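# Examining the three-dimensional arrangement
Listed below, chain by chain, are the residues.
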Amino acid sequence: MDSWIWWLLAAVALGIPLVITAMPEFAMFAVGAGAAAGVAGLGAGVVWQVLTFVAVSTALLVVVRPIAYRQLKNGPQVRMGIEALTGATAVVAETVDGEGGRIKLNGEIWSARALNPGSVYQPGQQVDIVEIQGATALVV
């Protein structure tokens with residue numbers, strides 16, 4: 001069997017753990033194996049094939065990997081749980097003042113308290129969630 005076929009099999013074999021573990025490094029090694037298969041298909045010797053595999057894989061790891069991880073790190077941040085509620089808009093269900101009240105937030109009824117003790121919000125008014133303390137929303 002020709003050596004380029006072995007390199008293509010190696011590329012496919014490196015693609016399997018990529019799919020299972022979602023580690024992009026395996027894709028970089030698979031591309032290196034594909035490049036080595038190309039060099040082998042052109043008739044280069046085993047030494048050139050291995051050097052091509054090592055050079056392409058290393059170049060991808062050194063250049064592409066840091067760029068990809070930087071993009072993932074600086075990408076859009078998804079707020080979840082209580083953090084996602086901060087800044088949301090709710091509708092007052094029962095009068096809310098410094099002592100308490102109720103609001104409708106994302107289809108659910110929450111206990112609420114005005115952030116400023118002197119503020120009073122009447123039913124139907126829209127308020128903004130400033131903070132969640134336990135099961136109580138502080139609103140403005």
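Before going into details, it helps to say that this report is about the structure given with it. (Residues numbered from 1 in each chain as written. Predicted model: local features only at pLDDT ≥ 70, side-chain atom pairs only at ≥ 80, totals over all residues. Heavy atoms only, no water.)

Positioned with a positive phi, Asn-106 is a non-glycine residue whose angle comes to about 55°. Within the secondary structure, Asn-106 sits in the loop between β2 (102-105) and β3 (108-114). (Helix = DSSP H or I, 4+ residues; strand = E, 2+ residues; numbered from the N terminus.)

Before going further, it helps to examine the pattern of salt bridges. Counted under the stated rule, the structure contains one salt bridge. Two residues, Glu-25 and Arg-65, come together in a salt bridge whose shortest N-O distance is 2.6 Å. Here Arg-65 lies in helix α3 (residues 46-73) and Glu-25 lies in helix α2 (residues 24-41), a separation of 40 residues in the sequence. The exposure class of Glu-25 is buried, given its relative accessible area of 12%. (Salt bridge = Lys/Arg side-chain N within 4 Å of Asp/Glu carboxyl O. Buried < 20%, exposed > 50% of the residue type's maximum accessible area, 1.4 Å probe, protein only.)

Right, let's get into the pairing of strand β4 (residues 126-133). Here three bridges tie strand β1 (residues 89-94) to β4, and the two strands are oriented antiparallel to one another. Bridge pairing in β4 places Val-91 opposite Gln-126. (Pairing = 2+ DSSP bridges.)

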